[in-house]
Amino acid sequence: MGRWSEERVINAAPDESSLAAARKLARPGPWSDSGSNDVLVWGKCQGSGKTPYQVSVDIVAPAYRCSCPSRKFPCKHALALLLLWARGEAAEASAETADFAQEWAGQRAERATAKDRRKSGEASDPEAQAKRLAERQALMDAGIADFARWLTDLIRTGLAAARSQPYSWWDGVAARLVDSQLPGLAEQVRTMASEVHGRTDWADHLLLHAGRWWALTKAWAARDTLSAEEFADVKAAVGWATASADVNDTEALPGPWLVLGAHRSDDGRLQQQRTWLRGPDGTVVVILDFAGQGQGLATPQLAGALLDVTVARYPGSPPQRAMFTSAVASQGLATSLGPGCTIAQALEQQSAAVARSPWRDRQPVLLAGVTILPEDHGWLLDGNDNALPLMDAPLDSLLALTGGHPVDVFGELEDGRLRPLTVVVDDAVVTP
Amino acid sequence: MTWLDELTWLDGLRTAALVGTGRHSAPSPPAGLGVRPPEGLSREEEVLDQAAMADVVIRASRRPAQAPAATLPLPASPDTEPQAAGEAARLLELLLTQPPVGLELRNQLVVDWLQLAEESRRRVPHRLLPAMFALAETKAAVFKRLEPAIGTRGRWLQSLSKTSVPKPADEGAELGSEDARADLERLRSTDPAAARKRLATHWDDLSARERAHQLALLATNMGSDDEELLERALDDKAKSVREVATGLLDRLPGSLRAGRMSARLLPLLHLKGLLNKRIDIDLPPDPDEQAVRDGIPSNQRSGEPDRLARLDIIIRGAPLEVWTSVSGRGPASTVELLKPEPRVLDGLITAAVSRKDLEWIRALLTVRTDVRLLGCLPAGEREQWLEGYIRNGIDQPLTLVPLLRDLHQPWGLGLADALLGLIAGKNGGQLAAMLAQVLPTALPPEAAEQCRRLLERSDEDPARRRVLRDAVQYQAFRQSLTEAFQ
């Protein structure tokens, strides 16, 4: 590293007065033990006290250290030393670095490597990591036990009593779950508060969900006996997030991935976007995007688009959550979504999915040749005269697009009803 | 497991959960499930275990439902016209979902789109039909233009009760009008004679109020055949009915009453002056019984009789030919003689307008700017008169606003140019503001450049700026629409 110019030293000064003070000190008189190498400049400056101030400067990645109590940075001593060095009046190159400068440089180097390690995500210490994991599991264990107690209390006092509770009561339960690192459960409980107050079939809804939560506490307790896939589903249900970094390198399933449909929801606090994709071998996955209030969600993929992209799946039972592991490029548009199934078959698929993972309540289905009925909130009717009620359906739009003719419909089967996301009309995949 | 077992079990489970296990124990799970609960569970654990089981059983055993009993709508027939594609479809979507112009202009542009689609035999894309219907539900102008561009699919959607578009109430429709009156009104517009006959048949059964209302409906499609009934109404005991009758008879210059009025008017008029350049007009005498029947008020018990009002009534009822016969000139010259008599001119204007006598209307227009007169002219001629007035410098330009609003659009370039001159002038801002609704759409495309130039001028008047900007925007978008359909 070359010697600094005086100008560069002047530029490093925090203000005029520091520079003026430094100029007064920039004479050889007060200085002793000064020296420099490629990286460091150091020296001792005799001030008003008994011991001289020790000054060290890293001239490569400029950093300053002085034992003086000044809050200016760099202080007048460091500036003065640099001025002398720049003029060649002190701190000549020396083979041996002063101890205090060497020590300071050593500390800096250590801190820098530690930071690099953290950045690269290298497991710094497997032991500490295991300890953290054990701590987290203990916290979750306690939270699950507490939640199980709450469930038995709920059943002992009766659901009718719970219905007269204010929202804050539910929020209190949810807050305790969040504290126990169970945000997924907390979200379900919070949602239940409004469902209980808003649904006509609230009693059955709450009873069955209480049963589901109860089963979840049992599954958590027996997690050592679960398969990796089953445990992943339980983890997802309680809200133990899998870091995307842990998924990224596991696999790279090649495309083209067909966009079956997408749904956006906004519960006021969080926006969610679900994009359903099907791979060349028929594997169906869902990409989840989240955004807080005021943030923008990822750009939605066009339904029917063929994406040239690789995908990695999160652990769990199918249909799995997945993430893109390469840049998304469109390969054009499909004219159909492929062969669909009947309503009976779709319900069988859902039965199978519930058997695989009882925690999940949404199943992607592609129905073939179904007609839209405008009664109530809308119905689908298939060729076997079987019917399926619709939910969140833009009926006017569906009717306008289909004209009462049978079409293929892709959607999410939820709670015995279908949320239509995509229809295939006239050799085009469209979003109603 | 039978569904009955399942129902009984779920009922028991629900009851236990609702009232709490403190007061109710858990049911036994149905044998059909083949489940034996573990020993030694608390009541709460039993209920929760079974709830978990019920949750899975219900979700895993869903069966297809029966379709609701409604009849399946017949599928729509294929459309006969191709759908508007490309830029035309994109512009319509823009107008319907995120209009780049004000809402009034948006509605007009949607109407323009529908018209252009009709002309080029294109239809609204299926996916945009719901938004189009939603707009038509509140905007009568859009509703009226839906056909034929909505195509077969649009008509099919309208036939479904769910998406049918209720016809918006016509602006200005009379509220609370009786069914009978509405019926008679419809009949009068299609078969005037039948309507008159029906009214005559029921005449004596009707209340005075209803007689007056229904008689007034004869104004539509009136002809000399109606005279008999109107003469009969002159003898009605209700004043309101007699007033309607005289008002209607004023419109029939060939009627007996007009003849009687003519006989009353003629002796009052005298051609005077050296060159017969003056018409002196006497005031009518006290009315006899016949004159009172014809609507001329008799002497009041106190105060002076209003003889001028009597003259007005006579002028309004008498044929206009009386005046030309006295003056020995045509209507235009006769009107010229009457210039110093504003009250007489008023009466003549009323008479000419009520009889739609174009010759007299044109004659009267040479001495008076009257919106009623202009309103009777054919559209093209009205526009010429308006332009002429504006070019000659009009005192009260705001009086033109109602006429300009009614004018057929787009206006001719001459009128547009004259009006823009007026708007650009001093105090033009107020006129611009009052024409804000019509001006952007009424100006012909050729006037857009002039608007743009006026807009570039520095201008303090925000209303004028807004109207001109709207006009420029509308024309630009309209131009894009026209190109998109080519």
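Residues numbered from 1 in each chain as written. Chains lettered and ligands numbered in written order. Predicted model: local features only at pLDDT ≥ 70, side-chain atom pairs only at ≥ 80, totals over all residues. Heavy atoms only, no water.

1. Some thoughts on helix α9 (residues 202-221) of chain A
Since there are 3.6 residues in each turn of an α-helix, residues three or four apart along the chain are aligned in direction. Stated formally: The way it works is that DSSP assigns letters per residue, a run of H or I at least four long becomes a helix, a run of E at least two long becomes a strand, and they are numbered from the N terminus. Multiply 1.5 Å by the residue count of a helix minus one, and that product is the helix's expected span. Only protein chains enter the accessibility calculation, which uses a 1.4 Å probe. A residue is then buried if its area is under 20% of the maximum for its type, exposed if over 50%, and partly exposed in between.
Here α9 of chain A spans 28 Å end to end across 20 residues, near enough to the 28 Å set by a 1.5 Å rise per residue. Within α9 of chain A, 16 of the 20 residues are buried, which leaves it mostly tucked inside the rest of the structure.

2. Notes on the pattern of salt bridges
All names here are of chain A. We count it as follows: Here, a salt bridge means any side-chain nitrogen of Lys or Arg that lies within 4 Å of a carboxyl oxygen of Asp or Glu.
Tallied over the entire structure, the rule returns 60 salt bridges over all chains. For Asp415, the salt bridge is made with Arg199, and the minimal N-O distance between the two is 3.5 Å. One end of the pair, Asp415, is in the loop between β15 (407-414) and β16 (417-425); the other, Arg199, is in the loop between α8 (183-198) and α9, with 216 residues separating them in the sequence. For Arg199, a relative accessible area of 23% gives the class partly exposed. Within the structure, one salt-bridge network assembled from shared partners comprises Arg274, Arg362, Asp392, Glu412, Glu414 and Arg419.

3. Let's talk about the sheet that holds β15 of chain A
All names here are of chain A. The condition that has to hold: We treat two strands as partners when DSSP finds at least two bridges between them. Angles here are taken between N-to-C directions and fall from 0 to 180 degrees, while the axes themselves are lines fitted to C-alpha atoms, restricted in helices to the stretch in contact. Pairs of residues are marked as contacts when any of their non-hydrogen atoms sit within 4.5 Å.
As summarised here, the arrangement of the 6 strands in space is β14-β13-β12-β15-β16-β17, forming an open sheet in which the pairing is antiparallel. Edge positions in the sheet fall to β14 (387-389) and β17 (428-430), since each has one partner strand and no second. Recorded for the sheet is a direction-independent mean angle of 40° between the axes of neighbouring strands. Of the strand pairs in this sheet, β16 and β17 are connected by 3 bridges, and their pairing is antiparallel. Residue pairing for β17: Val424 is matched across the bridge by Val429. Sitting on the sheet, helix α12 (residues 343-356) is in contact with β12 (363-373), β13 (379-381), β14 and β15, with an inclination near 160° to β12. Packed onto the sheet, helix α13 (residues 395-402) meets β12, β15, β16 and β17 and runs at close to 70° relative to β12.

4. Examining unusual backbone geometry
Most peptide bonds adopt trans geometry, and most residues besides glycine take a negative phi value. All names here are of chain A. Between Gly255 and the following residue, Pro256, the backbone shows a cis peptide bond with an omega angle of 0°. Within the secondary structure, Pro256 sits in the loop between α11 (244-248) and β5 (257-266). Its identity as a non-glycine residue notwithstanding, Gln181 has a phi of 60°, on the positive side. Mapped onto the secondary structure, Gln181 falls in the loop between α7 (167-179) and α8. Classification of Gln181 as partly exposed rests on a relative accessible area of 32%. Its identity as a non-glycine residue notwithstanding, Asp392 has a phi of 45°, on the positive side. Within the fold, Asp392 resides in the loop between β14 and α13.

5. Considerations on the packing of α8 of chain A against α9 of chain A
Relative placement of two packed helices is described by the angle separating their axes and the distance separating the axes. Residues and elements named next belong to chain A. The criterion, for reference: Roughly parallel means an angle under 35 degrees; roughly antiparallel means over 145; roughly perpendicular covers 65 to 115; every other angle is labelled oblique. Handedness of a crossing follows from how the near helix is turned relative to the far one, being left-handed for an anticlockwise turn of less than a right angle and right-handed for a clockwise one. For this classification, the nonpolar set comprises Ala, Val, Leu, Ile, Met, Phe, Trp, Tyr, Cys and Pro, the charged set comprises Asp, Glu, Lys and Arg, and every other residue, Gly included, is treated as polar.
Look at α8 against α9: their axes get within 10 Å of each other, and the N-to-C directions meet at 170°. With respect to their mutual orientation, α8 and α9 come out roughly antiparallel. Both α8 and α9 take part in a crossing whose hand is left-handed. For the pair formed by α8 and α9, the contact residues are Leu185, Gln188, Val189, Met192, Glu195 and Val196 on the first element and Trp202, His205, Leu206, His209, Trp213 and Leu216 on the second. When grouped by side-chain class, the residues that make up the contact of α8 with α9 number 8 nonpolar, 3 polar and 1 charged.

6. Some thoughts on the interface of chain A and chain B
As a reminder of what qualifies: The quantity reported as buried area is the accessible area (1.4 Å probe) lost by two parts once they are put together, taken as the sum for both.
The interface of chain A with chain B comprises 46 residues on the first partner and 44 residues on the second. Both faces considered, chain A and chain B share a buried interface measuring about 3900 Å² in area, 67% of it formed by carbon and sulfur atoms. Remark: the boundary between chain A and chain B carries 4 salt bridges. A salt bridge links Asp55 of chain B to Arg212 of chain A, with the nearest nitrogen and oxygen atoms 2.8 Å apart.

7. Here we look at the sheet that holds strand β3 (residues 53-58) of chain A
Residue and element names in this part refer to chain A. Strand order in the open sheet formed by 4 strands is β1-β2-β3-β4, and the pairing between neighbours is antiparallel. The open sheet is flanked by β1 (31-36) and β4 (63-66), the only strands paired with a single partner. Taken over all neighbouring pairs, the strand axes of this sheet differ in orientation by 10° on average, direction set aside. By the bridge criterion, 4 bridges tie β1 to strand β2 (residues 40-45) in an arrangement that is antiparallel. Bridged to Gly35 within β2 is Trp42.

8. Remarks on the confidence of the model for chain B
The following threshold applies: A residue's pLDDT is the predictor's confidence in that residue, given on a scale from 0 to 100.
A residue-level look at chain B finds 94% of positions with pLDDT of 70 or above and a mean pLDDT of 85. Across the interface, the model reports ipTM at 0.71; the global pTM reads 0.66.

9. Examining the side chain of Thr441 of chain B
All names here are of chain B. Short version of the rule: Throughout this description, a polar contact denotes any pair of N or O atoms lying within 3.5 Å of each other; where both atoms belong to protein, one of them has to be capable of donating a hydrogen while the other can accept it, and for residues adjacent in sequence the pair is counted only when both atoms sit in side chains.
Following the sequence through the fold, Thr441 ends up in helix α25 (residues 439-442). Looking at Thr441, the relative accessible area reads 10%, which means it is buried. A distance of 3.0 Å separates a polar atom in the side chain of Thr441 from the backbone oxygen of Val438. Not counting the four nearest positions on each side in its chain, Thr441 is found in contact with Leu105, Gln108, Gln409 and Tyr474.

10. Observations regarding the environment of Arg355 of chain B
All names here are of chain B. The topology assignment puts Arg355 in helix α18 (residues 342-355). For Arg355, a relative accessible area of 12% translates into the label buried. Taking the C-alpha atoms as reference points, Arg355 and Pro253, 102 residues apart in sequence, are found 7.6 Å from one another. Residues contacting Arg355, with those up to four places away along its chain left out, are Asp250, Arg251, Pro253, Arg316, Gly317, Ala318, Pro319 and Leu320.

11. Brief notes about the packing of aromatic side chains
Stated formally: When two rings of Phe, Tyr or Trp (its six-membered ring) have centres within 6.5 Å they constitute a pair, described as stacked for plane angles under 30 degrees, edge-to-face for angles over 60, and tilted for the intermediate range. We count a charge as sitting over a ring when the NZ of a lysine or the CZ of an arginine lies within 6 Å of the ring centre and within 35 degrees of the ring normal.
Counting across every chain of the model gives 10 aromatic pairs over all chains. Ring centres of Trp150 of chain A and Trp169 of chain A lie 5.6 Å apart, and the angle between their planes is 45°; on these two criteria the pair is classed as tilted. You can see Trp150 of chain A sitting in helix α5 (residues 126-157) and its partner Trp169 of chain A sitting in helix α7, a full 19 residues away along the chain. Ring centres of Trp150 of chain A and Trp170 of chain A lie 6.1 Å apart, and the angle between their planes is 75°; this geometry places the pair in the edge-to-face category. Of this pair, Trp150 of chain A sits in helix α5 while Trp170 of chain A sits in helix α7; the two residues are 20 residues apart in sequence, bridging distant segments of the chain. Residue Trp150 of chain A shares its accessibility class with Trp170 of chain A, and that shared class is buried. Chaining the aromatic ring pairs together yields one cluster made of Phe147, Trp150, Trp169, Trp170 and Trp213 of chain A. One residue, Lys235 of chain A, lies across the ring of Trp240 of chain A, its end atom 4.5 Å from the ring centre. The ring centre of Trp203 of chain B lies 5.9 Å from the NZ or CZ of Arg211 of chain B, which sits over that ring.

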